[in-house]
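Residue strings, one per chain:
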Amino acid sequence: MDPTKLMTVEEFDEIYNPRPWQKKGWKQVLQLKKGQAIAINAMPGSGKTYFTGCIIDEFVRCYKHNTGKPMNVIAVGPSREICSQLIRSLNLPFRKEGDRWGLELLEPTQKQLGRRIDGFYGQVVTYQRLSTAENRNKLKKLCNNATIVLFDEMHRAGEEDGEDGMDMTIYAKYIRETFADARVKIILTGTPDRTDGKELPFIARNEDGAPVYTVRQTLSDAIAEGCIREVMFHFPEGELNKNTLQFFEDLLENRKNPKTVAPVVSTENDDVQKIIAQAVYQLISEREIEQNTAGLIICNGKDHGTKIANHMAQVHEEKPIHLVSVTDDSDKRDDIDYFRNSQDKWAWTSRKVTEGVDIRRLKVLIYIPSARTKTHLMQSIGRISRVASGIGDNIAHVYTTSDKKMLELCLNFYKEQIKGKEEQNAIDVRNTRNKKDVSFAGSRIMLMHNALKAKRHEVNALTKTIKGRLYGMSRGKMQYNDPRLMKLSQIGGSVDALSLEGMQTKIEKLKVEADKYGITWPTKTYLKQIGLTQIDPQLNLSL
């Protein structure tokens, strides 16, 4: 390796062990001209921050080798919570320098702002701290040819209604003025392009006016590479899957409400009560597998959230806590950090606390804000789609109403997801064919083991799904110890020691119960919460 230059793609792959999209991204970074910003658009939870840490780490290493001096690192985020996450995420063991690991950053006091602090690579600040000329001048003095600036959730700089009701569009101007002289600028976003025509600082545009990203990862890419969880959508009419896709497409076609009509979000509405009930039971089922799993409710604001919390407390005996984003230097308790490390089941928040917040135990989302956009939905789904080891299966659940806008957004998301799963299956098949060192007998044992695992998972998934639907049909009025629910638990339980035939018998008994109560039988697509093993026809193994 030539220490005077940035690593090659092969060297980057060996040192940092990146995901496929990150490896491709580094290749694009190396092709940039001097002064061009590194713009990264990738799905929430897919590893943007880690990739950014690798990039910064490599630039810092190369600059120090060539000049003998350290670089300044400044990270800017939309809230204190995200800034705290940046501090934690960037202080990872990218490489060891002396006795230190990672890129240790500081959230500075007013006195420390814009100054180099011994023992730290740089500083992390919120966009809101750019609101005063004094702060901008301090940070501007720190920006020079030895400075890297990271802008997290950059699309927020184009919003008219930011945190605390401030006009975020002015921050686009502040960002250009303050950080223009930085040697390296890295821009992160996990959302679709802005559709309001507002340009963001330092991002180039093509001839059509569309932003040009150095690295771009689509939803289907993220699914294919296993970066994020699969998402299942649930409406009052049922779940969206392969068998119901045409039904929901027809339903969307038949919706005559113009987009200007606000969707129903009141807790007095039957559909809202129904999806809340179904989501509550879904979380109960998830916690039978992993006790720490949690759910999140996206609301309009404080009044709406309070009504939903009261409804859940009265009807379901579940009292969600309120998550509040802290954007200034106040001493308010960090509710997000508390919830992340607690055993609490539910939390509710407004649309202002949907970006960048990393709580990996979240798997169930109730989405009922009145303002519904692709950007906001993607960010909200990003709260539950982050893969976490030990959190049951890799599938997340969204419960929402079936107004025209939501159907349109969810159907588009679902179709992109299907595309990603098809690409993932193709990758799995190629990988299986390339495993030349697996013996014939070993393959049979592996396939049988995976078949048993998949069938056990199918029984568990069917049991909790049928129970959840039965509970949802009662609109939350059924007690959790209801004999009908208990019977389903008994039928679907104790599968660990059973053969394939024994588990199939349990499935048939569950179907009898489902038919008895008029419950729609889940499809195979819905139940593939783990990838079923690709069976090699040459093995002639009957499953």
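Computed from a prediction, not measured in an experiment: that's the story for all the values here.

Now for the pairing of strand 2 (residues 72–77). For strand 2, a buried count of six out of six residues is recorded, marking the element as mostly surrounded by other parts of the structure. Along strand 2, one buried face is formed by Asn72, Ile74 and Val76 and the opposite face, lined by Val73, Ala75 and Gly77, is buried too. In this sheet, strand 7 (residues 147–151) lies alongside strand 2 in parallel orientation, the contact comprising five bridges. Note that in strand 7 the partner of Val76 across the bridge is Phe151.

It is worth spelling out the side chain of His311 at this point. Its location among the elements puts His311 in helix 10 (residues 302–316). With residues up to four places along the chain from it excluded, the contact list for His311 reads Thr267, Gln273, Ile276 and His316.

Moving on, we come to the packing of aromatic side chains. Tallying each qualifying case throughout the model produces nine aromatic pairs. With centroids separated by 5.8 Å and ring planes inclined at 35 degrees, the aromatic side chains of Phe151 and Phe202 adopt a geometry described as tilted. Of this pair, Phe151 sits in strand 7 while Phe202 is found in the loop between strand 8 (184–189) and strand 9 (215–216), placing the two residues 51 residues apart along the sequence. You can call Phe151 buried: its relative accessible area is 0%. An angle of 45 degrees between the planes, with centres 5.0 Å apart, marks the rings of Phe235 and Phe248 as tilted.

At Asn17, a position not held by glycine, the phi torsion is positive, near 50 degrees. Tracing the sequence through the fold places Asn17 in the loop between helix 1 (9–16) and helix 2 (20–30). For Asn17, a relative accessible area of 63% translates into the label exposed. The phi angle at Phe202 is positive, at roughly 70 degrees, despite the residue not being glycine.

Pairing is mixed in the open sheet, where seven strands are placed in the order 11-10-16-15-12-14-13. Of all strands in the sheet, those with a lone pairing partner are strand 11 (238–239) and strand 13 (321–322), marking the two edges. For strand 10 (residues 230–235) and strand 16 (residues 395–400), the ladder comprises five bridges, and the chain directions are parallel. Paired with His234 across the two strands is Tyr399, which belongs to strand 16. Where helix 12 (residues 374–381) meets the sheet, it contacts strand 10, strand 12 (294–299), strand 15 (362–367) and strand 16, and its direction lies at approximately 150 degrees from that of strand 15.

With that settled, the discussion passes to the packing of helix 2 against helix 3 (residues 48–67). A pair of packed helices is characterised by two quantities: the angle between their axes and the separation of those axes. Running from amino to carboxyl end, helix 2 crosses helix 3 at an angle of 40 degrees, the nearest separation of the two axes being 11 Å. Looking at the two axes, helix 2 sits oblique to helix 3. In this structure, the crossing between helix 2 and helix 3 has a hand that is right-handed. Residue-level inspection shows Trp21, Gln22, Gly25, Trp26 and Val29 of helix 2 in contact with helix 3, the latter providing Lys48, Tyr50, Phe51, Ile55, Glu58 and Phe59. Grouping the constituent residues of the contact of helix 2 with helix 3 by class yields seven nonpolar, two polar and two charged.

Okay, the nonpolar core next. One finds Ile40, Ile55, Ile186 and Phe233 to be the most contacted residues of the largest nonpolar core, which totals 73 residues. What Ile55 contacts, discounting residues up to four positions off in sequence, is Trp26, Val29, Ile38, Ile40 and Ile186.

Our focus in this paragraph is the sheet that holds strand 5 (residues 105–106). Reading across the sheet, the seven strands line up as 5-6-2-7-8-1-9 and stay open at both edges, with parallel pairing between neighbours. At either end of the open sheet lies a strand with only one pairing partner, and these are strand 5 and strand 9. Taken together, the two bridges between strand 5 and strand 6 (residues 122–126) define a ladder with parallel strand orientation. Directly across from Leu105, in strand 6, lies its bridge partner Gly122. Docked against the sheet, helix 4 (residues 80–90) engages strand 2, strand 5, strand 6 and strand 7, running at close to 155 degrees with respect to strand 6. Sheet strands touched by helix 6 (residues 170–179): strand 2, strand 7 and strand 8. Its angle to strand 7, the strand with the most contacts, is close to 165 degrees.

Before going further, it helps to spend a moment on helix 5 (residues 133–142). Along helix 5, the residues that are buried comprise Asn135, Arg136, Leu139 and Leu142. All buried residues of helix 5 project into a common sector of 120 degrees when viewed along the axis, lining one side.

So, on to the confidence of the model for the chain. Taken over all residues, the pLDDT of the chain has a mean of 78, while the share at 70 or more is 77%. The model gives residues 432–446 a pLDDT under 50, and that stretch makes five contacts with residues more than four places away or in other chains. Here residues 529–543 is modelled with pLDDT under 50, and outside its nearest four sequence neighbours on either side it reaches 28 contacts, counting other chains as well.

The element strand 16 is extensively covered by neighbouring structure, given that six of its six residues are classed as buried. Side chains Ile395, His397 and Tyr399 project from strand 16 onto one buried face, and the interleaved Ala396, Val398 and Thr400 project onto a second face that is buried too. In this structure, strand 15 lies alongside strand 16, joined through four bridges in parallel fashion. When the sheet's bridge partners are listed, Val364 is paired in strand 16 with His397.

Let's shift gears to the pattern of salt bridges. A full pass over the atoms with the stated rule returns 12 salt bridges. Here Glu513 makes a salt bridge to Lys487, at a shortest N to O gap of 3.3 Å. Here Lys487 lies in helix 15 (residues 483–492) and Glu513 lies in helix 16 (residues 500–516), a separation of 26 residues in the sequence. One salt bridge in this structure joins Glu513 and Lys516, with 3.3 Å as the shortest N-O distance. Here Glu513 pairs with Lys516, and both are found in helix 16, just three residues apart, close to one helical turn. Judged by its relative accessible area of 5%, Glu513 is buried. Overlapping salt bridges, with partners in common, bring together Lys487, Glu513 and Lys516 in one network.

Quick notes on the rules
- For every chain, the first residue of the written sequence is number 1, and numbering continues from 1 along that sequence.
- Totals for whole chains, interfaces and linings use every residue, but because this is a predicted model, local features are given only for residues with pLDDT of at least 70 and side-chain atom pairs only at 80 or more, for both listing and counting.
- Only hydrogens and water are set aside; all other atoms, that is, all heavy atoms of the structure, feed into the side-chain values.
- Burial status follows relative accessibility: with a 1.4 Å probe on protein chains alone, a residue under 20% of its type maximum counts as buried, one over 50% as exposed, and anything between as partly exposed.
- Runs of E in the DSSP output that reach at least two residues are strands. Runs of H or I that reach at least four are helices, and both are numbered from the N terminus.
- Pairing between two strands requires that DSSP report at least two bridges joining them.
- It only takes one pair of heavy atoms within 4.5 Å for two residues to be counted as in contact.
- Each pair of aromatic rings taken from Phe, Tyr and Trp, with Trp reduced to its six-membered ring, is defined by centres within 6.5 Å and is described as stacked if the planes are under 30 degrees apart, edge-to-face if over 60, and tilted in the remaining cases.
- In this description, a line fitted to the C-alpha atoms serves as the axis of each element, helices being fitted only across the stretch in contact, and the angle between N-to-C directions of two axes falls anywhere from 0 to 180 degrees.
- With respect to orientation, any angle under 35 degrees is reported as roughly parallel, any angle over 145 as roughly antiparallel, any angle of 65 to 115 as roughly perpendicular, and every other angle as oblique.
- In a left-handed crossing the near helix is turned counterclockwise from the far helix by less than a right angle, and in a right-handed crossing that turn is clockwise.
- For this classification, Asp, Glu, Lys and Arg are treated as charged, while Ala, Val, Leu, Ile, Met, Phe, Trp, Tyr, Cys and Pro are nonpolar and the rest, including Gly, are polar.
- Nonpolar cores are built from buried Ala, Val, Leu, Ile, Met, Phe, Trp, Tyr and Cys residues. Side-chain atoms within 4.5 Å join them into one set.
- In this description, the arc belongs to the directions extending from the helix axis to the C-beta atoms.
- How sure the predictor is of each residue is captured by pLDDT, a score from 0 to 100.
- Note on definitions: salt bridges are taken to be side-chain nitrogens of Lys or Arg within 4 Å of carboxyl oxygens of Asp or Glu.

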